[in-house]
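The lines below spell out each chain.
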Amino acid sequence: MCGACGRTVATDPVFPDGRTTRGNLIAGQILDALCAAARNRIRVAGRPDGFAVSLPGRQPVPCATVADVWSAILATAPATATTPTAELEARYRTESRLVRAIVAAANAVRGGG
């Protein structure tokens, strides 16, 4: 439960130190950049209580966790690469732990670990 707004916020193993709005926003940017690199037209936005995944021709799908985001992405675009580009790694070098956790979540959703 968020103390400021009273909304329920799901725990997410991608954020071992706890979720924050800032963390969700950065994770949303990283996820969106991975989708853009795959050219799959899926957009991801971080929100205070989770994420919104915009799929082509559909209403945005609310997602509580990064695993939920990956499930939505991979259901629509299973060939989406989950390896960060050098540009993405450079852009988010101070959040490298978050980038690795997001990629690990994708691999877990795919069943690879």
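See the structure printed just above.
About the thresholds
Residues numbered from 1 in each chain as written. Predicted model: local features only at pLDDT ≥ 70, side-chain atom pairs only at ≥ 80, totals over all residues. Heavy atoms only, no water. Helix = DSSP H or I, 4+ residues; strand = E, 2+ residues; numbered from the N terminus. Expected span 1.5 Å × (residues − 1). Buried < 20%, exposed > 50% of the residue type's maximum accessible area, 1.4 Å probe, protein only. Arc of directions from axis to C-beta. Contact = heavy atoms within 4.5 Å. Pairing = 2+ DSSP bridges. Axes fitted to C-alpha atoms, helices over the stretch in contact; angles between N-to-C directions. Core = buried A, V, L, I, M, F, W, Y, C linked by side-chain atoms within 4.5 Å. Salt bridge = Lys/Arg side-chain N within 4 Å of Asp/Glu carboxyl O.

## Considering helix H4 (residues 96–110)
Here is step 1 of the chain: The end-to-end C-alpha separation of H4 is 21 Å, in line with the 21 Å expected for 15 residues at 1.5 Å each.
Here is step 2 of the chain: Among all positions in H4, only Leu98, Val99, Ile102, Val103, Ala105 and Ala106 are buried. Considered in projection along H4, the buried side chains sweep an arc of 150° and stay on one side of the axis.
Here is step 3 of the chain: For H4, the elements touching its buried residues are helix H1 (21–38) and helix H2 (66–76).
Here is step 4 of the chain: Just downstream of H4 lies Gly111, where phi reads positive at about 95°.

## With respect to the pairing of strand S1 (residues 43–47)
Here is step 1 of the chain: Every second residue of S1 is oriented toward a common face, the buried set being Val44 and Gly46 and the non-buried set Arg43, Ala45 and Arg47.
Here is step 2 of the chain: Of the pairings in the sheet, the one linking S1 to strand S2 (residues 50–54) comprises five bridges and is antiparallel in character. The residue bridging Ala45 from the neighbouring strand is Ala52, located in S2.

## A few points about H1
Here is step 1 of the chain: With 18 residues, H1 should reach 26 Å at 1.5 Å per residue; the first-to-last C-alpha distance of 26 Å fits that figure.
Here is step 2 of the chain: Among all positions of H1, only Gly23, Asn24, Ile26, Ala27, Gly28, Ile30, Leu31, Asp32, Leu34 and Cys35 are buried.
Here is step 3 of the chain: Of the surrounding elements, those touching the buried residues of H1 are S1, S2, H2, helix H3 (86–91) and H4.
Here is step 4 of the chain: After H1 finishes, the residue Arg39 shows a positive phi value of roughly 55°.

## Looking at the sheet that holds strand S3 (residues 61–63)
Here is step 1 of the chain: Sheet architecture is open: three strands sit in the order S1-S2-S3, paired in antiparallel fashion. The sheet is open, and its two edges are formed by S1 and S3, each paired on a single side. Mean inter-strand twist for the sheet, computed between neighbouring axes without regard to direction, equals 25°.

## Side note on the nonpolar core
Here is step 1 of the chain: With 28 residues, the main nonpolar core has Ile30, Val53, Val66, Trp70 and Ile102 as its most contacted residues.
Here is step 2 of the chain: Mapped onto this core, the elements with two or more residues apiece are H1, S2, H2 and H4.
Here is step 3 of the chain: Residues in contact with Ile102, not counting those within four places in the same chain, are Val14, Ala27, Ile30, Leu31, Leu34, Val66 and Trp70.

## A short note on the pattern of salt bridges
Here is step 1 of the chain: Enumeration over the complete set of coordinates arrives at four salt bridges.
Here is step 2 of the chain: Across the pair Arg97 and Asp17 runs a salt bridge, and its minimum N-O distance is 2.7 Å. Here Asp17 lies in the segment before H1 and Arg97 lies in helix H4, a separation of 80 residues in the sequence.
Here is step 3 of the chain: With a relative accessible area of 68%, Asp17 lands in the exposed category.
Here is step 4 of the chain: For Glu95, the salt bridge goes to Arg22, with nearest N and O atoms at 3.7 Å. Residue Glu95 is found in the loop between H3 and H4, and its partner Arg22 is found in helix H1; the two are separated by 73 residues along the sequence.
Here is step 5 of the chain: Of the residues examined, Arg22 reaches a relative accessible area of 57% and is grouped as exposed.

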